[in-house]
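Here's the letter readout for the chains.
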Amino acid sequence: GHGASKPRVVMSSSFNERCGISYYVENLCKGLIRRDVKPEVLAPRGVEDRSTGVGVNYVRAWQKGGQIDIPDGPPGVLHIQHEFSFWTTEDALVETLQKAKAAGWKTIVTLHTIMPAGMSHANFFKAVVREADLVTALGSSGANALRGWCEIAGELPSKVRLTPNICLEKPFDVEFPG
């Protein structure tokens, strides 16, 4: 509604690196900035900065392959980008989601590689759809697979959102279940 305070939005990303996920997050940030939300981005440590000119505050707050440091200050929405090559273990993401939830954060996970429901990495996908408040996919086949994982894990398929890899005008028009 009018006058409502803007949510604190923090994203994890390979931000300011030359990769597709970096550009995806950059586009999400542009969409948020257009809506007067100032996103914060948690980027990998020890990576050369490449300024994108988007005007986003980003913090070197995670080690590629390991858990993300949950940000200090008031909780908001933590949007995590998942690619298997970013995380050395499947448990690391699940533990990060649990830590964020315990600290009062709402969590969104965008899964950039999704296996068909019931196939490989079953424990991982079931745990992610259980622990995250929302899960998003970039394509309809991925979204359908995530709905299948929700069914297997006993979660509502309404947790799944489709967020195409385009410059979104309204990237965070989401209602959290519950």
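What counts, and at which threshold
- Residues numbered from 1 in each chain as written.
- Predicted model: local features only at pLDDT ≥ 70, side-chain atom pairs only at ≥ 80, totals over all residues.
- Heavy atoms only, no water.
- Helix = DSSP H or I, 4+ residues; strand = E, 2+ residues; numbered from the N terminus.
- Buried < 20%, exposed > 50% of the residue type's maximum accessible area, 1.4 Å probe, protein only.
- Areas by Shrake-Rupley, 256 points an atom, 1.4 Å probe, with all protein chains shown as cover.
- Axes fitted to C-alpha atoms, helices over the stretch in contact; angles between N-to-C directions.
- Parallel < 35°, antiparallel > 145°, perpendicular 65-115°, else oblique.
- Contact = heavy atoms within 4.5 Å.
- Nonpolar A, V, L, I, M, F, W, Y, C, P; charged D, E, K, R; others polar.
- Pairing = 2+ DSSP bridges.
- Right-handed = clockwise from strand over helix to strand, strands pointing away.
- Expected span 1.5 Å × (residues − 1).

> Which residues make up the overall build of the protein, and what are the values?
Regarding its fold elements, the protein presents four helices and seven strands. Here the protein holds 178 residues, and 48% of them are scored as buried. Carbon and sulfur atoms make up 51% of the accessible area of the protein, which totals about 8,500 Å².

> Any chance you could break down the packing of helix H3 (residues 122–131) against helix H4 (residues 140–153) for me, citing the residues and the numbers?
Close contact between H3 and H4 brings their axes to 9 Å; oriented N to C, the two are set at 85°. With respect to H4, the axis of H3 lies roughly perpendicular. Only Leu146, Trp149, Cys150, Ile152 and Ala153 of H4 make contact with H3, whose side of the interface consists of Ala122, Phe125, Lys126, Val129 and Arg130. For the contact of H3 with H4, the class distribution of residues is eight nonpolar, no polar and two charged.

> Outline the environment of Thr88, listing residues and values.
Summarising the element assignment, Thr88 is placed in the loop between strand S4 (77–82) and helix H2 (90–102). For the pair Thr88 and Gln67, spaced 21 residues apart in the sequence, the C-alpha separation amounts to 9.5 Å.

> Please set out the pairing of strand S6 (residues 134–137) residue by residue, giving values where relevant.
Across the two faces of S6 the burial is the same, with Leu134 and Thr136 and Val135 and Ala137 all buried. Examined bridge by bridge, strand S5 (residues 106–111) and S6 share three bridges and lie parallel to one another. Note on S6: the bridge partner recorded for Ile108 is Leu134. You can see the chain leave S5, run along H3 and come back into S6, and the turn it takes is right-handed. Where S6 lies against strand S7 (residues 160–162), three bridges are found, and the strand directions are parallel.

> Quick one: what's the story with unusual backbone geometry, residue by residue and with numbers?
What is expected of a backbone is that most residues other than glycine have negative phi and most peptide bonds are trans. Positive phi values are uncommon outside glycine, yet Asp36 reaches one of about 65°. Within the secondary structure, Asp36 sits in the loop between helix H1 (20–34) and strand S2 (40–44). Positive phi, close to 65°, is recorded for His121, a residue that is not glycine. Inspection of the secondary structure assignment puts His121 in the loop between S5 and H3.

> Now, about H2: what can you tell me, with residues and values included?
For H2, built from 13 residues, the straight-helix expectation of 18 Å at 1.5 Å per residue is met to within 8% by its first-to-last C-alpha distance of 19 Å. Those residues of H2 lying buried are Ala92, Leu93, Val94, Thr96, Leu97 and Ala100. Summarising the contacts, the buried residues of H2 are in contact with S4, S5 and H3.

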